[in-house]
Each structure stands twice: as structure tokens, then as C-alpha cells.
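For reference, the chains in residue letters:
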Amino acid sequence: MIEATKMFSRLMTALAVLTLDVASCLPSFALNGDQIGGFGFNVTESLLNPAEPGVTKDQVDRQAARLTYDARMSGAKTLRWFSTDVWPQWQCTNDPENADGTIDPNWQSVADSLLTNAQQNGLRVVVVLANATNSGFGGVAPNSSPATLKTWANHRAAVQGFDKYPASAHDCTNVPPYFSFSEASWFSNPLLSERLTQRFVTMARFLAKYPGLGGIELFNEPDYALTHTSSFWVPVTKMLTSVKNADRALATIPVYSGVAWWNATIIQQARASGAWSLEPFITVHNYTDARQTESKINSDLNGLVDYLTTIAPDKPIIIGEAGSSVSLSQLSDNAKMLRVLLGIYSRRHVGLWVWGDWFPDSDTDMKWDFNHRSVAGPSQAPFFFDQNRTASYSTGRSVPLSGGQPFTLSANVVSDPDAKINGVWAISLNSERFVGFSRAGIFAKPSSLPGIFAEPQPTYFFDQKTTPMRWAQIDRQGTQWQLRVFQCSKSGGAHTPIALLGLIEGTKRANVDQCPYSIEAINAEL
């Protein structure tokens, strides 16, 4: 997330002196659902650790289902997940590796939830095995690690007897050695390098059994200077080879270093070590000032793709993190950034994974709010929702009901002091009101570019005031829109969609335990 800002001006200077005919060497590959690139999101919401007090595996499943649902509703086909993105932590740190070299089984449980739900929703998950941001293990800068380690240890000691870890797991005086060494030592010290290799192999073997696995990234943002040296690339080449050979199922799964390929020197070092032939594509992270004019942002991103194509004409390109580098208080700036990102992705055939799927309830900074449910949700509407159809129900329309009296369906935006639902769309069936979750609309439409964006899922709504609770969904069936209303049931009926349960749980307005099953009450064409 950091290296793009530092490198961009240098990149543009280099681009200015290039004389190659860039257009003649643009990649000819076409992205589709079977390739790892595509349009996607970085999972910036920390997933719950099911071993923590009060947390269950069912809760993690619902959280994962909500995340994958939101991704598809915003056109994504890929999710990138950091193994350190956990709340509040793993056993003794934010990294899943324990002091004895084992991997926390709760990391496996969370990965299972995310990968299983992703597969069921037609997404792929790229898993980042180690976070090297800030030149510190787990994204923790070396000078702050002692204090941070103490905080983690104090938490584990404080919840002893309430969490699900065995008693022996609460002594966090020992942690993996990486926290005590510089990042350069992870590669130059043979013991650390070998331990990292074995860690990656263990994690990869676990992940390999999931059809929802879309890729394995060894490091997020390894130190830029290190990536110019053979002392980095020689051990990393061994890591890449070992992970790729860890399981036959990984033969078709991209495994890559996570290096930012900003110049030809890095490529030369990778070639010399043999790693270049193992890398399935090149990746960079890019953040730009979204307050600039749309043409300037577009020009800069096109220039980035041109430059990367020039230095690596034989490799596909993935912008692994993309977003705004500055705070955004105006919806228009968020919308402008989204338009440019979607345009670059669809025109230039690069993989593009946006930074920012999570948002706080009362967020006033929209720099990373690229989620149809966020306060910047209206930015998504022109691309993934039928705005005209939504507007046509603003004053109410009569809907015929087979075998029953017609009813009036209306749609409006909620105004409520509760930030969780203020600004979301709601529907009313006569006098019964169902509150929704999306701030982009009520009719999620198929993309105008089929194949490169995910097909939408139903838009959901719920009425927590009824007993038992009722909920509704609107989705497209062929050429028709369909409204279905369900009543919650403790037994009998079909299983309630797990993504809906996750959405309801997030509002804290209803108990999802009352709705394991649902019975259809209304089915009408709109």
C-alpha cells in the first residue's frame, strides 16, 4: 500500500525516455472467470477468530458469506485476503504461525469459511501467506514489535478460561523468531529462510484442497530495496518452487512472490535466480490522488500499464492494490475514481483489485469505500444497478399477484439516526416496510460487459418488526424481475441464505437464530 506513492514519479520519469512502440507489445490475453486476474477486492475487514470468547464458527461463516456477497454485488470475481487480517488476533500475534512452527488451526477454520463461501458464490480467493509491510513481520514495524507483542500476550492471558484455546496456549512469552530479526535476515539467515519455506508449504497444502483458491501470494510488499538483490531472490526462488510442488492441485494455481515489479533491475535479478519463469504475472500496488481531474487519473493509470507492458511484455499485469491515496469527502471523487478503475480494467485487460471493501458505519472518508453498502454506494449504481427501474418505484406501482389481491410496491431511501441503515434502500409492500442493505439500488443488474464482471446476486430486505421475522429478495430471472417474500421458521422450509443472515447480523437489529429456515409467502413478477 505504501510503495506505489514513492515510486510513481520515478516511474513516470522512466516512461518518458522509453522509445518502444508500446501498443505493439500490449498483452493479448483476455480475462475470464477461469483466470486469476479479473476485477476484485482486497478484504480489508478483519475476519473473526472463532477461538475468541463469544465467537462461533457459524458467525465466521456468516461474515465470510457477507463478504463474498458484497464482492459479487460490486462486480468482483476475486478476493485477496491477508492471513494477518484477523480480529482481534490469532493465538499470540496477528500472524497464524505459532512459536513451535505450527499453524494456528483457527486460521485454517477461517480460511475454510472464506474459501468455501467464495466457491459457492463463484469467486476465487488469493491468500497472502505473510505480510511484510513496514519492513516488519505481520506488518508490524520492528521498532514497535515489543510493545505490540506485549499487547497481544496480555489479551491472550486476559481471556484464559473464556476462549477456546487450550490452557497451554496462553503463555505467549515465545513467538515466531521473525519478529526479532530484520526483514533482510529472513532471507539471508538459512534457518529463518528454511522455516519460512516450510511454513509456506504447510499453509499451501491446506489451501490446495479448496476449489475456491485462486492464488497464493508469498509476501505482501516485501522490502523494495531487497527485491533488487540476489540475497532476496535466491531463497525466494526456492520458496516459490517448494510451494508450487507442495501439492498436485497447485499445478494450475498461480503462486507468486508478491514483489512490486517497478523496474527492469528487479526483473534481471529474478531471471538470474530462475524465479522469473515461475512468476505467473507481474504485480504492483498503485494509489493516486482521486481529487485530480478524471482525465489526469486516467492518463496516469494508462501510463502505468504502458510502462509495465514495456518492461515485461511477456507477462500479464495485475494491479494488486488500487485506490485513492488521499482522503475523499465528496461522493463525486469516489465515483470518479471508480469510473477510472473500472475503465482501465475493462479496456486494458489487466487484473485490478481495489483496496477497500470494508467501511465503518458512519464513515465520512470515502477514499476506500468501494462497496455497494457503504456511504459511497451510490457510486456503484450506474454500473451494477438499474437506476431507472429503481426510480420507477419511488411513488409506488401496483404489482399483480397470482391467486391474490394486487399490492403496491414502493422504494425509497431510509433516513434514520442509526448509521447502519441510514441511506440504504427500502421497499414497502402496501404498509409493510422491508429495510434493505444496499445504498446503490434495489435492482442489481447484469453487467454490460458479461464475463469480466461477476453476475449479481439478489438484493435483500428484512422486516424485523414482524413475528416471526419476514424478509424479501429481488432478483432477475431471465428477462423478468422477481420479488419473493419469506417468513422465518425455526423448522421447515428452505435454508435461509447465509449471506442474508450475515447482513442482518451486521445491523444488530435482529437475532438471526430465529431464522435458520424460511417459508415462501409471496412470489410476484415485477
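The model shown is predicted, which means the values in this text are computed figures rather than measured ones.

Trainee: Any details on the overall build of the protein? Residues and values, ideally.
Mentor: Summing up its helical and strand segments, the protein has 13 helices and 19 strands in all. Computed over C-alpha atoms, the radius of gyration of the protein comes to 24 Å, within 12% of the 24 Å expected from 2.2 N^0.38 for 526 residues, which places it in the range of a compact globule. If you line up the protein on its principal axes, its C-alpha atoms span 75 × 65 × 40 Å. Sorting the 526 residues of the protein into buried and exposed places 57% on the buried side.

Trainee: Any details on the packing of helix H2 (residues 57–73) against helix H13 (residues 498–507)? Residues and values, ideally.
Mentor: As a packed pair, H2 and H13 sit with axes 7 Å apart at the nearest point and diverge in direction by 100 degrees. Judged on the interaxial angle alone, H13 and H2 are roughly perpendicular. The residues of H13 that touch H2, namely those facing Gln59, Asp61, Arg62, Ala65, Arg66, Tyr69 and Asp70, are Ile498, Ala499, Leu501, Gly502, Leu503 and Glu505. Across the contact of H2 with H13, the residue classes tally to six nonpolar, two polar and five charged.

Trainee: Describe the pairing of strand S3 (residues 78–82), listing the residues and the values that go with them.
Mentor: In terms of burial, S3 is largely enclosed, as five of its five residues are buried. Of the strand pairs in this sheet, strand S1 (residues 39–42) and S3 are connected by three bridges, and their pairing is parallel. Paired with Gly40 across the strands is Thr78, a residue of S3.

Trainee: Can you tell me about the environment of Pro406, naming the residues and giving the values?
Mentor: Considering the arrangement of structural elements, one finds Pro406 in strand S12 (residues 404–413). Along the chain, Pro406 and Ala524 lie 118 residues apart, while their C-alpha atoms are 9.6 Å from each other. With sequence-adjacent residues up to four places away left out, Pro406 is seen in contact with Ser398, Val399, Pro400 and Leu401.

Trainee: An account of the packing of aromatic side chains is requested, with residue identities and associated values reported.
Mentor: Within this structure, the stated rule accounts for 29 aromatic pairs. Measuring from ring centre to ring centre gives 5.5 Å for Phe206 and Tyr210, while their planes differ by 55 degrees; the resulting arrangement is tilted. Here Phe206 falls in the buried class, since its relative accessible area comes to 13%. Both rings, one in Trp261 and one in Trp276, keep their centres 5.1 Å apart while their planes meet at 70 degrees; by these two values the pair is edge-to-face. Of this pair, Trp261 sits in the loop between strand S7 (255–256) and helix H8 (264–273) while Trp276 is found in the loop between H8 and strand S8 (282–288), placing the two residues 15 residues apart along the sequence. Under the relative-accessibility criterion, Trp276 is labelled buried at 5%. One aromatic cluster in this structure is built from Phe137, Trp152, Tyr178, Phe179, Trp186, Phe187, Phe200, Phe219, Phe232, Trp233, Trp261 and Trp276. The lysine or arginine in question, Lys315, covers the ring of Trp276, its NZ or CZ lying 4.9 Å from the ring centre. Of note, Arg389 hangs over the ring of Phe443, and the distance from its end group to the ring centre comes to 5.4 Å.

Trainee: Hey, could you go over the sheet that holds strand S15 (residues 459–463) for me, with residue numbers and the actual values?
Mentor: The strand order across the open sheet built from nine strands is S11-S12-S13-S14-S15-S16-S17-S19-S18, with neighbouring strands paired in antiparallel fashion. Every other strand in the sheet has two partners, leaving strand S11 (397–401) and strand S18 (494–495) as the edge strands with one partner each.

Trainee: Describe in detail unusual backbone geometry, supporting the description with residues and values.
Mentor: Of the consecutive residues Trp87 and Pro88, the connecting peptide bond is found in the cis state with omega at -5 degrees. By secondary structure assignment, the location of Pro88 is in the loop between strand S4 (86–87) and helix H3 (105–120). If you check the backbone angles, Asn134 has positive phi at about 65 degrees while not being a glycine. A positive phi angle, near 60 degrees, is found at Lys508, a position not held by glycine. Looking at where Lys508 falls in the secondary structure, it is placed in the loop between H13 and strand S19 (517–525).

Trainee: Before we move on, could you go through the state of the cysteines and cite the residues and values that matter?
Mentor: Covalently bonding the sulfur atom of one cysteine to the sulfur atom of another cysteine gives a disulfide. Within this structure, the stated rule accounts for two disulfides. With a sulfur-sulfur separation of 2.0 Å, Cys488 is cross-linked through a disulfide to Cys515. Taking the sign of the S-S torsion, about -75 degrees here, the bridge from Cys488 to Cys515 comes out left-handed. Note that Cys488 is positioned in strand S17 (residues 480–489) and Cys515 in the loop between H13 and S19, a separation of 27 residues in sequence. By the burial criterion, Cys488 is buried, and Cys515 matches it.

Trainee: Would you mind going over the pattern of salt bridges in detail, with residue names and values included?
Mentor: The final tally for this structure, using the stated rule, is 22 salt bridges. Notably, a salt bridge pairs Arg66 with Glu45, separated by 2.8 Å at the nearest N-O pair. Of this pair, Arg66 sits in helix H2 while Glu45 sits in the loop between S1 and strand S2 (47–48), and the two are 21 residues apart along the sequence. Like Glu45, Arg66 is buried. A salt bridge links Arg62 to Glu505; the nearest nitrogen and oxygen atoms lie 2.9 Å apart. Of this pair, Arg62 sits in helix H2 while Glu505 sits in helix H13, and the two are 443 residues apart along the sequence. Connected via shared salt-bridge partners are Asp95, Glu97, Arg195 and Arg199.

Trainee: How would you summarise the sheet that holds strand S10 (residues 351–355) if you had to cite specific residues and measurements?
Mentor: Here we have eight strands laid out as an open sheet, ordered S7-S6-S5-S3-S1-S10-S9-S8, and parallel in their pairing. If you trace the sheet from one side to the other, it starts and ends with S7 and S8, each paired once. Relative to strand S5 (residues 124–131), S3 is paired through five bridges, and the arrangement is parallel. What sits directly across from Phe82, in S5, is Val128. Across the sheet, H3 is in contact with S3, S5 and strand S6 (213–220); its angle to S3 comes to roughly 175 degrees. With respect to the sheet, helix H6 (residues 190–207) is in contact with S5 and S6, its orientation differing from that of S5 by roughly 160 degrees.

Trainee: Provide a residue-level description of the nonpolar core, including the pertinent values.
Mentor: Ranked by size, the top nonpolar core spans 127 residues in total, and within it Trp81, Leu207, Ile216 and Phe219 carry the most contacts. Broken down by element, this core gets its largest block of residues, eight residues, from H6. Among residues more than four places away in sequence, those in contact with Phe219 are Val128, Ala130, Trp186, Phe187, Leu196, Phe200, Val236, Met239, Ser257 and Gly258. By size, the runner-up hydrophobic cluster in this structure holds 20 residues, among which are Trp425, Ile427, Ile442 and Ala472.

Quick notes on the rules
Residues numbered from 1 in each chain as written. Predicted model: local features only at pLDDT ≥ 70, side-chain atom pairs only at ≥ 80, totals over all residues. Heavy atoms only, no water. Helix = DSSP H or I, 4+ residues; strand = E, 2+ residues; numbered from the N terminus. Rg over C-alpha atoms; globule rule 2.2 N^0.38 Å. Buried < 20%, exposed > 50% of the residue type's maximum accessible area, 1.4 Å probe, protein only. Axes fitted to C-alpha atoms, helices over the stretch in contact; angles between N-to-C directions. Parallel < 35°, antiparallel > 145°, perpendicular 65-115°, else oblique. Contact = heavy atoms within 4.5 Å. Nonpolar A, V, L, I, M, F, W, Y, C, P; charged D, E, K, R; others polar. Pairing = 2+ DSSP bridges. Phe/Tyr/Trp six-rings, centres within 6.5 Å; stacked < 30°, edge-to-face > 60°. Lys NZ or Arg CZ within 6 Å of the ring centre and 35° of its normal. Disulfide = S-S within 2.5 Å. Salt bridge = Lys/Arg side-chain N within 4 Å of Asp/Glu carboxyl O. Core = buried A, V, L, I, M, F, W, Y, C linked by side-chain atoms within 4.5 Å.

Bear in mind that shape data such as this cannot, by itself, settle questions of function.
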